[in-house]
Each structure stands twice: as structure tokens, then as C-alpha cells.
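Coordinates in review
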Amino acid sequence: MKVALLCILTSALALLPLNEARAETELTISAASSLKGVLEEIKTLYATKSAVRINYNWAASGILKTQIEQGAPVDIFLSASRPEMESLENQKFLTKGGMKKLIKNQLVLVQNTNAKRRIRSLVDLKDKGLKKIAIGNPLTVPVGRYAKEVLDYYKLFDAVKERVVMGESARQIVDYTNLNEIDAAFLFATDILNNKKIRLVMTIPQGAHSDISYYGGVIKTTKGLKEAEAYLSFLEGNEAKLIFKKWGFLL
Amino acid sequence: MSLSDQIVHSLELSLLVATLSTFLVTLIGGFLAYFLAMNKFRFKSVVEVLCLMPLVLPPTVIGYYLILFFGREGILGQYIYSYFDFSIMFTWYAAVLASFVVSLPLMIKTTQSAIEAVDKNLIDSSYVLGYGKIETALRVIFPLAKRGMLAGIILSFARGLGEFGATLMVAGNIPGKTDTLPLAIYSAASSGEWKSAHLIVLSLTLLSALFIFLSNSLSRRVRV
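The sections below set out a description of the structure shown in this document. (Residues numbered from 1 in each chain as written. Chains lettered and ligands numbered in written order. Predicted model: local features only at pLDDT ≥ 70, side-chain atom pairs only at ≥ 80, totals over all residues. Heavy atoms only, no water.)

Considering the overall build of chain A
Test applied: Segments assigned H or I by DSSP are reported as helices when at least four residues long, segments assigned E as strands when at least two residues long, and all are numbered from the N terminus. For each residue, the accessible area found with a 1.4 Å probe, counting protein chains only, is set against the maximum for its type, and the residue is called buried under 20%, exposed over 50%, and partly exposed in between. Note that accessible areas follow from Shrake-Rupley with a 1.4 Å probe, and for residues the cover is restricted to the protein chains shown. Only four residue types enter the charge count: Lys and Arg as positive, Asp and Glu as negative, with His and the chain ends excluded. Charge coordinates come from a single atom per side chain, which is NZ of Lys, CZ of Arg, CG of Asp or CD of Glu.
Along its length, chain A carries nine helices and ten strands. A principal-axis box enclosing the C-alpha atoms of chain A has dimensions of 60 × 55 × 35 Å. Across the 251 residues of chain A, 51% fall into the buried class. Per element, the accessible surface of chain A, about 12200 Å² overall, is 57% carbon and sulfur. Between the mean site of the 36 positive side-chain charges and the mean site of the 26 negative ones, chain A shows a separation of 4 Å.

Notes on the side chain of Thr180 of chain B
Under the convention used in this document: Any two residues whose heavy atoms approach within 4.5 Å are treated as being in contact.
Its location among the elements puts Thr180 of chain B in the loop between helix 9 (165–171) and helix 10 (181–190). Look past the residues within four positions of Thr180 of chain B in its chain and what remains in contact with it is Ser10, Leu13, Ser14 and Val17 of chain B.

What about the interface of chain A and chain B?
What counts is decided by this rule: Accessible area, probed at 1.4 Å, shrinks when two parts are joined; the buried area is that loss added up over both. We define a salt bridge as a contact between a side-chain nitrogen of Lys or Arg and a carboxyl oxygen of Asp or Glu at a distance within 4 Å. Here a polar contact means two N or O atoms within 3.5 Å. Within protein one must be a hydrogen donor candidate and the other an acceptor candidate, and residues neighboring in sequence count only if both atoms are side-chain atoms. For this scheme, ten residues count as nonpolar: Ala, Val, Leu, Ile, Met, Phe, Trp, Tyr, Cys and Pro. Four count as charged, namely Asp, Glu, Lys and Arg, and the remainder, Gly too, count as polar.
With 23 residues of chain A at the interface, the matching set in chain B holds 25 residues. Buried area between chain A and chain B, summed over both chains or domains, comes out near 2000 Å², and the portion from carbon and sulfur atoms is 47%. Notably, a salt bridge pairs Arg72 of chain B with Asp183 of chain A, separated by 2.7 Å at the nearest N-O pair. For the pair chain A and chain B, the interface holds ten residue pairs in polar contact (both at pLDDT 80 or more). Contributions of two or more residues to the side of chain A that touches chain B are made by helix 3 (61–69), strand 7 (164–167) and helix 7 (170–178) of chain A. Residues that form the side of chain A that touches chain B fall into these classes: eight nonpolar, seven polar and eight charged.

A short note on the packing of helix 10 of chain B against helix 11 (residues 194–221) of chain B
Residue and element names in this part refer to chain B. We apply this condition: Between N-to-C directions, angles cover 0 to 180 degrees, with each direction set by a line fitted to C-alpha atoms, over the stretch in contact for helices. These descriptions rest on fixed angle ranges, namely under 35 degrees for roughly parallel, over 145 for roughly antiparallel, 65 to 115 for roughly perpendicular, and the rest for oblique. A crossing counts as left-handed when the near helix is turned anticlockwise from the far one by less than a right angle, and as right-handed when that turn is clockwise.
Across the interface, helix 10 lies against helix 11 with an axial gap of 8 Å and an inter-helix angle of 155°. What the angle tells us is that helix 10 and helix 11 run roughly antiparallel. Of the two possible hands of crossing, helix 10 and helix 11 adopt the one that is left-handed. Judged by residue contacts, Leu181, Ala184, Ile185, Ala188 and Ala189 of helix 10 engage Trp194, Ser196, Ala197, Ile200, Val201, Ser203, Leu204 and Leu207 from helix 11. Split by residue class, the contact of helix 10 with helix 11 holds eleven nonpolar, two polar and no charged.

Focus on the sheet that holds strand 4 (residues 100–104) of chain A
Residue and element names in this part refer to chain A. Note the threshold: When DSSP finds two or more bridges between two strands, those strands count as paired.
Strands sit in the order 2-1-3-10-4 across an open sheet of five strands; the sheet is mixed. Each edge of the open sheet is held by one strand with a lone partner, namely strand 2 (53–59) and strand 4. Across the sheet, the mean angle separating the axes of adjacent strands is 20° when strand polarity is ignored. Bridge count for strand 1 (residues 26–32) against strand 3 (residues 76–79) is three bridges, and the pairing is parallel.

Laid out in C-alpha cells, this is it:
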């Protein structure tokens, strides 16, 4: 027992200096949860090109924005919508480079493949047989804000508002849909790519919601300005674009 | 909904959820504690471990298990859903369920030790004098163990009132429906609405302080 404890302590001590040495070449990236799959792949690719260690912090863009406003030690912010990034820019949280438009996405209406009631269009959402319709929380989750815009645009919100379930991130809504816990959901097109458990009902016309663009920016308090800028311009480069395209994002 | 309406709603919901879950915990936890304290059987330690697991598991793991059991495609939930066309997920009943599961071990643990501390001679005398098992339990054992039980009930209520992780997973965070005080704080803080966050935090703090005060004065009055 004592030996085991000693081993744990010494190995813990051995790890400490290592972490400190790496601290200089580490980047913390707060990224919208809808970017999870694609950014993990980009991380693997980037690791072959740079010694910088990437740590992702996933959440809804609105939650990440609030964290940064409260002084979270973040180097790069990747937002799934413009307002969050714009607000940080206006509050002077970004470096001189400012905010960069990266990629685009589309909003879709989806159901679990085994959904009890299959729907064909937005109007079918009025059907009271659909008991739970998931959208992101419009206050913090961009995919939810776009969904709310769509429901307002087609004057459907009052008809569905009693049945709306609000998710805390795009990822969470994907999980709920995978589990068939909800009857219909609004998600990004990329969230359901290659997901056999989720069925696309329809792609929402672009005019019904504001432009779905992803923005990136370097946070002023970063200790690795050069590394952060390098990573951000890598995201804008052709190699990253290919991966974004593969994951269903539009350029 | 105005800010004060929202706080009142969350407050009412939290009290309702904590009260209901405490009621269930008292009944079921009390019975389980009695059963565990009075009986010796094979695999008793396994049952005890199972009963205490929610105390050490992270609430998110409990939430995950609850989805596994009670979700629409869950082990139990699929039958409920196909027969009654009802799923507990994303309703405030799910918040009660989550609070119940996380506070059950607190009730069992304190009550079981209290019952085990009751003088065996008194229990035997009760049997000798003609009381049956149920009468002995209700008239001798539980009254003698009431301090421990009371502590369990108070702890369970407090735990239920503050339940967050499992609730978020199974009840969602639906404004006006399942937003208990802890969830309302989370929403307000994550969307940067500090004014409402401050107010809700303040009301929960006051509520908790009041609660400790009440339980202290109550336990002073209950003498064995």
C-alpha cells in the first residue's frame, strides 16, 4: 500500500515539470461544439506540422463567449455565429487581427430514423403528436438561435413553443436525437453527416434565417500570439479547407 | 416572463421537486434501511454497495444511467413509452427522479446506522411482549432511530434542492418547465445575465441558510 502510494506520488511529481515546460507551446481553443469532429481531424493533421499542443474547449458559442468575458485563459475563439464574435470584438477582447470568417453551414430539420411520427416539412411541426421538438437554447446556442429565427419566420413558434426542448449545445441535441428522446430537431447539416440514426427531413431555405458563418479570432490575453495566428491561418488554408469540405461545411 | 416571475417559478419548482423526492426517499429509503439493518443475507454487501453507489458516482454518470433505464429506448422506458405513449425525459418528474436517486443513499446510510444503534434488548422485549414485526418497527425501532432518520431526511432535502448534473441530463433545462434554481443559475451565468444570476444565487443562499437554521432548531427539540 505504502509502495503504491509512493509510486503515485513520485509519478505525479515527475509529470509536473513536463507540463510547465510545455506550457509555452500550448494553445487553448474554445470552439463551438458543432466543430468537434472536423477540428479533431485538423488537430491530427496539424500535429504533423507543428510542435504546438492544441487543447480544445467545447461548448455552445454563447457559453464560450461568456467564459472569455469572465477572463477564461483562452487563446483562440471559434464561434458558430457572428454576434458572439462581434460582441467580443466590440468589447476589445480580440487582437488587432480581428475576426475572420472561416466557413459556412446550413440549418436542417431532422428526426430519428425510428421516429414514431414521420414528418415531411416545417408545417408538420404543428402536429401535436410531436411531443418534443429540440432546438438549442437561443440565448447561448447559435443553432438554436437560427432555429428560433426560422420558427418566427414561418410564424410557427407559438404553435410549437409548449413542446420545445432546449439543448445546451448542438452536440447535446445530436445525442438526444440519436437516443430518439425527441421527435424532431433543428441542427446543422454537418451535425448529422454519416449518422445513420438520424434522418434528414429538409434543409431550411437560407432566407429564413441569418447567415450561418463560423468566425475565428485570437484573444488578446494569449501568451502565444504567433502560434495562435499560425493556427488560425492554417484553418483558412487549402489543406484545412479540404477537411472542412469533407465534413460537410461550405466554403 | 419577467425576472421575478422566473425566480418565483424556479423557486416553487425546486421546492416541489425537493419535497416530493424527499417524501419518496423517506418511504423507500426508510424501508430499505430497516431491511438492511435488521437482516443478514447472502450478497448483503453487494446490495449495500448498490444502494450507496449514487453517493460516489458523478451526477452525470447517474444521469446517463437514468437515460439508459428510463429513456424512450431505455430498458424500462421503452415499455412505458409504447404502452402509455409517455416518457419521463424532459418533464419535471425526471427532476424528481434524479433528486430521488442522488439523495437515496444519504437516507439509507444515516437511517441504517441509527437503526443498528437501537438497543437489541428493547427490540427483543417488544417481540416478547407480543408486538409483531411491523408494530415493533413502527412503535419501537423507528421512534428510537428518529434522530438519525431526521438527519437523513434533512440531508436528502438539501441534496435534492441542489441537484444539478443528473437533472440537466434527464429533465433538460426547459424555461418555465424544468428550470429548477440550480439550472436557472447555470443558464443565467452561461448566457452572461449576471443580474438574474445574482438574484437567483442570493435566493438559493437565503433558502439554504433558512433551511440549516430550521433543521438545527428542529434537531435541538427532538431529544431521544
